[in-house]
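Remarks on the overall topology
Okay, here's what each chain looks like letter by letter:
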There are 2 protein chains.
Amino acid sequence: MGISYSSPLSPSLSTTTLNITHSSLFPCTSKANPGTISDSTFSHTNNISLNNLQKPTKKFGSFYYCSHNTTCLGSKIVPLKCFDKVREMETQEGIAQKPTIDIHGIDEELVQKMVYDALVWSSLHGLVVGDRSVQRSGKVPGVGMVHAPFSLLPVTFPESHWKLACEVAPIFNELIDRVSLDGKFLQDALSRTKKVDAFTSRLIDIHSKMLEINKSEEIRLGLHRSDYMLDEQTKLLLQIELNTISSSFPSLSCLVGDLHRSLLKYYGEHIGLDSSRIPGNTSVDKFAEALAKAWTEYNNPRALVLVVVQPEEHNMYDQHWLCAALKERYPFHLQYCLSCLYNTHNVRTIRKTLGEIDKDGEILPDGTLLLGGKEISVVYFRAGYAPTDYPSEAEWRARVLMEQSSAVKCPSISYHLAGTKKIQQELAKPNMLERFLENKEDIAKLRKCFAGLWSLDDSDIIKKAIERPDLFVMKPQREGGGNNIYGDDVRTNLIRLQKEGSEEDAAYILMQRIFPMVSPTFLVREGICHKDHAISELGVYGAYLRNKEKVIINEQCGYLMRTKVSSSNEGGVAAGFAVLDSIYLN
Amino acid sequence: MGISYSSPLSPSLSTTTLNITHSSLFPCTSKANPGTISDSTFSHTNNISLNNLQKPTKKFGSFYYCSHNTTCLGSKIVPLKCFDKVREMETQEGIAQKPTIDIHGIDEELVQKMVYDALVWSSLHGLVVGDRSVQRSGKVPGVGMVHAPFSLLPVTFPESHWKLACEVAPIFNELIDRVSLDGKFLQDALSRTKKVDAFTSRLIDIHSKMLEINKSEEIRLGLHRSDYMLDEQTKLLLQIELNTISSSFPSLSCLVGDLHRSLLKYYGEHIGLDSSRIPGNTSVDKFAEALAKAWTEYNNPRALVLVVVQPEEHNMYDQHWLCAALKERYPFHLQYCLSCLYNTHNVRTIRKTLGEIDKDGEILPDGTLLLGGKEISVVYFRAGYAPTDYPSEAEWRARVLMEQSSAVKCPSISYHLAGTKKIQQELAKPNMLERFLENKEDIAKLRKCFAGLWSLDDSDIIKKAIERPDLFVMKPQREGGGNNIYGDDVRTNLIRLQKEGSEEDAAYILMQRIFPMVSPTFLVREGICHKDHAISELGVYGAYLRNKEKVIINEQCGYLMRTKVSSSNEGGVAAGFAVLDSIYLN
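Just so it is clear, the model here is predicted, and its values are computed rather than measured. (Residues numbered from 1 in each chain as written. Chains lettered and ligands numbered in written order. Predicted model: local features only at pLDDT ≥ 70, side-chain atom pairs only at ≥ 80, totals over all residues. Heavy atoms only, no water.)

So, the environment of Leu 580 of chain B
All names here are of chain B. How we decide: Secondary structure is summarised from DSSP: a helix means a run of H or I of at least four residues, a strand means a run of E of at least two, and numbering begins at the N terminus for each. Residue contacts follow a heavy-atom distance rule, with two residues in contact if any of their heavy atoms lie within 4.5 Å.
With respect to the element layout, Leu 580 can be found in strand 23 (residues 578–581). As a C-alpha pair, Leu 580 and Cys 254 span 326 residues in sequence and 9.9 Å in three-dimensional space. Excluding its chain neighbours within four sequence positions, the residues that come into contact with Leu 580 are Leu 127, Ala 148, Pro 149, Phe 150, Ser 151, Phe 249, Leu 252, Val 256, Leu 560, Met 561 and Arg 562.

Details of unusual backbone geometry
Residue and element names in this part refer to chain A. In this structure, Pro 411 follows Cys 410 across a cis peptide bond, with omega equal to 5°. You will see that Asn 214, though not glycine, has its phi angle at about 55°, which is positive. Of note in the backbone geometry, Lys 235 takes a positive phi value of approximately 60° without being a glycine. Mapped onto the elements of the fold, Lys 235 is located in the loop between strand 8 (220–230) and strand 9 (237–243).

Quick look at the confidence of the model for chain A
Residue and element names in this part refer to chain A. In plain terms, the rule: The quantity known as pLDDT measures the predictor's confidence residue by residue, on a range of 0 to 100.
Overall, the prediction assigns chain A a mean pLDDT of 81, with 78% of residues at 70 or greater. Within the model, the stretch residues 1–99 combines pLDDT values under 50 with 281 contacts to residues more than four positions away or in other chains. Long-range and interchain partners of residues 568–575, a stretch whose pLDDT sits below 50, account for 16 contacts in this model, where long-range means more than four residues apart.

A short note on helix 6 (residues 198–212) of chain A
Residues and elements named next belong to chain A. Note the threshold: One less than the residue count of a helix, multiplied by 1.5 Å, gives the span that helix is expected to have. Buried means the residue's accessible area, taken with a 1.4 Å probe over protein chains only, is under 20% of the maximum for its type, while exposed means over 50%, and partly exposed covers the values in between. Any N or O atom pair separated by 3.5 Å or less is treated as a polar contact, with the protein-specific requirement of one donor-capable and one acceptor-capable atom, and with residues adjacent in sequence counted only for side-chain atom pairs.
Over its 15 residues, helix 6 runs 21 Å from end to end, which matches the ideal 21 Å to within 8%, given 1.5 Å per residue. Burial in helix 6 covers these residues: Phe 199, Thr 200, Ser 201, Leu 203, Ile 204, Ile 206, His 207, Ser 208 and Met 210. The inward-facing, buried residues of helix 6 contact helix 4 (183–189), helix 5 (191–196), helix 12 (393–404) and helix 13 (413–418). Sitting at the head of helix 6, Asp 197 places a side-chain oxygen 3.0 Å from the backbone nitrogen of Phe 199. Looking one or two residues past helix 6, Asn 214 carries a phi angle of roughly 55°, positive in sign.

Focus on the sheet that holds strand 17 (residues 472–476) of chain A
Paired through backbone hydrogen bonds, the strands of a sheet run either parallel or antiparallel to each other. Residue and element names in this part refer to chain A. Note the threshold: Here, a strand pair is defined by DSSP locating no fewer than two bridges between the strands. Helix axes are fitted to C-alpha atoms over the stretch in contact, other axes to C-alpha atoms as well, and angles between N-to-C directions run from 0 to 180 degrees.
Here we have 3 strands laid out as an open sheet, ordered 16-18-17, and antiparallel in their pairing. Each edge of the sheet is formed by a strand with only one pairing partner; in this case those strands are strand 16 (453–455) and strand 17. Neighbour-to-neighbour, the strand axes of the sheet open up by a mean angle of 30°, direction not taken into account. Looking at chain direction, strand 17 and strand 18 (residues 508–512) are connected through 5 bridges and run antiparallel. Looking at the pairing, Val 473 lines up with Met 511 of strand 18.

Overview of the interface of chain A and chain B
Put simply, the rule is: Buried area: the sum, over both parts, of the accessible surface (1.4 Å probe) that disappears when the two are put together. By definition, a salt bridge exists where a carboxyl oxygen of Asp or Glu is found within 4 Å of a side-chain nitrogen of Lys or Arg.
Facing the 42 residues of chain A at the interface are 42 residues of chain B. Summed over the three residues of chain A that lose the most area to chain B, namely Leu 124, Met 145 and Tyr 266 of chain A, the buried surface amounts to 19% of that side. For Lys 374 of chain A, the salt bridge identified is with Glu 109 of chain B, shortest N-O distance 3.7 Å. At the junction of chain A and chain B, the tally comes to 15 residue pairs in polar contact (both at pLDDT 80 or more). Residue assignment for the side of chain A that touches chain B shows that the elements contributing at least two residues are helix 2 (108–124), strand 5 (145–147), helix 7 (252–271) and helix 9 (316–329) of chain A.

Now the structure itself:
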């Protein structure tokens, strides 16, 4: 086993070169206006030269801001110790906000031991993914497995922010449900997006069709994940996005916490860490419980849970763990068994692609969804969120078929649309939350998490973004951060859109760019440990289930921490190198 | 996922071609003489033509025998329904002894589901090995993993034989310990072998050296596995060999039982099998317990357990599971912690190759073994059993170093030699067991398990073996079945040795060839299920630990079932395709 260290200090960074920091918008009052700013992905790779420096002003849009104290050594962005000021760069360690977990203090031999033990632990405990370099690894379980990439140690996270993220999960669950019921709101809010985004347009068409036939969803199941970054300067936990479809890693996120606890059990004393400060994570069990209860609500013991999957899925083990939990921990009652064709004592799942569902699926006149002749009670999507999931009309037919059925959809088309970035931006508008929620405290809590979000028809913000593109992210209505626009490209694109005067601007929203703390981290991938500077994103899972009469489940379920090198272009690490992580409360 | 079926009935086999069966030696009395017959490997690929048929006689050597009713369709050897008679071949199913588990009755869709579930289960639960086709998979944990090959369902096994195999395990443990103490017996018995087998010769040299310096082992630890096959005709459970070094699969054997129980929990009712009839398997825990107790006997909480490993080890996860059990389940007492350098609360292990041990190891004048300055209390060999493990003098130096030390060796050189085939054959001689054991019942039980074993200086048996080579196996003093000689090669080699009149005959022993039942089996490897005819070998683990005063552990620990296609040259399956299995008692 080899451990390679990409140098935490590239030569140019250990000099006293003058560099400047980002400036960042942040809400200065506790009652933050929803019109704040956000960043949607892990990467911030800008290199702002001295020439580009513009002193920030006190007021910006509806918010105050100050310059931003961050460390992003990998990308040669270095922090300043006070606002609005260019300072000589100090040593990396001196400048970086001191992390609670000081990995520089751990000797290399100990790191090697821990990495070895962590790799063994992962292999024995199913913390694995399909290895893309091995044929069939995305299709056949048990073939071409490799440990999931992980951070060697948990990332320090403030307990207060952790609690807040947990507290708002049920409120977001409720919000999504309320929004999903307001078909007109969804249609109106997305009307301009529809014209310029073909994928979202197809989703909206399905939604329209359901509105036309007055389709109602009496049993509604949401398995969400709300993603956050902790802005280093403002110390605010700001929402990146809310996933209402195919929220990934409910299972592996639990395992990586177990891995870290296991490591700290044996090595914690050496490095001054206490495993009890890693919060428990129950997302896989809670998701399984929610699926089982939705299945129970549907009330046919012979019916199956359908997991909609991609034809190739290298993250299949995350899904398999969930199905295993469902199978092993939620046997149904004996009276069901007696009437059950197969006499099985568990909630059974089947995995099918959209293409297969189109081929084998049908709806009976009463709305029953059949797949290969077998009744489906719950449709759990782990595919269908990206345009590439619909290579032909067959996949769209399958989606419509399921939507029209009486099966419980996780998510329904309404839930799916309620999780789009455009809706996120609409909900961030003043007084919009009040349209869906009553409790003022709840509303205040949600709003506290909102980053700045604007549509591109706001000329003031466009002007600001052209002036200071480094403070914004342009986000299209696409899942996944790969399509986001940063830095000078924001300016270029905004100017182009202004000139063209087309409707294309409706395909984007603008978000405040968030600058999370950068910490030296051990990232382990493909059996190799890299030491690098990294940033982290917290996802908090929420489960919601209700029927016609009442809410059955509305809770926070657990969390996902993902950590990524702060500049993916540095240190010999491939772009997008994110690893699974857990949190260490401080 | 694909399931390929290698045809259970090749066209030539479903015809009525005349074929003949093996004849087999078997002891007819319950008080079987130790000079019985044995087979040492999985494969019996002979094709005996009608021309070769020789009617067996009633008396053969010191034993009675009759013709053998077996099914070996893969190799075109078909059974006869009565003794000494050539019969028309019936259909495959008609002839094969009906297995309790009738896999022909399981429909293909169900098999596919079970295979998929089994592959998922293996991946999630660490039933994995390194994939030889992936680089680094034998060196770095977590990289290039593939599910361990397994049988989809347990193999039927008679409960009485299972019980016998368990009962004799502690007796064999005791026997090995007694034999190990009789240095003269070991030296004398192996004196001729020494002249012709360079590897065994080196081991004997180490043993001689230890005798010279009057080295005694006060704490003696044995982790053995006694392997058996159930001879179909005689219904006798006959010992193949007794492994006293590097008994593999104590961990994965437990997991495959868990896998089968898991499958039967969900599918058992469909196929008429009850998971409770798979006996529990605790080999990994018992081995860990024995190692922990040996470590405790050594009585230095700072000392480590050294696992001696090969530089590349694709079966590393079997070893890692054992070390994980040791680490997690056997914390030492608090008073130890207080004096412990690292304050760890577990028995710590390190893995080193013989080459590394030569480089970093040393012995203090008091016999203490140090490795990189750290004291070693227990040396657990998972390497060192084959000539290829000693590519240079460095590895031999390491072996001698450890042997000279006061660390507990598992095994010591005496235990290692006591497990050689030559000693197995010597112990099978009349009145030999009585030299080491007192209890007549115990002796009778062991003898019941002995197959026919002869040295090549027995001219009577040589003559018989040249006449009927199909009834014998020539086994060299090599670990692993790959070097065994079968069929016409037995005759050729025996005639050559007779002509040459050299000492080379001492390199071999002759064993009775055992013909186990052949059953149709689903074998799963690399994500693909093959249906084929297979034979099985049972290994029963034993743990033995004693100090100067008393025996601390002497017990049966669990079992390993391995199943292999009955002819490795048929059905498109690579030679040596053995899978892990468990047993289903009937």
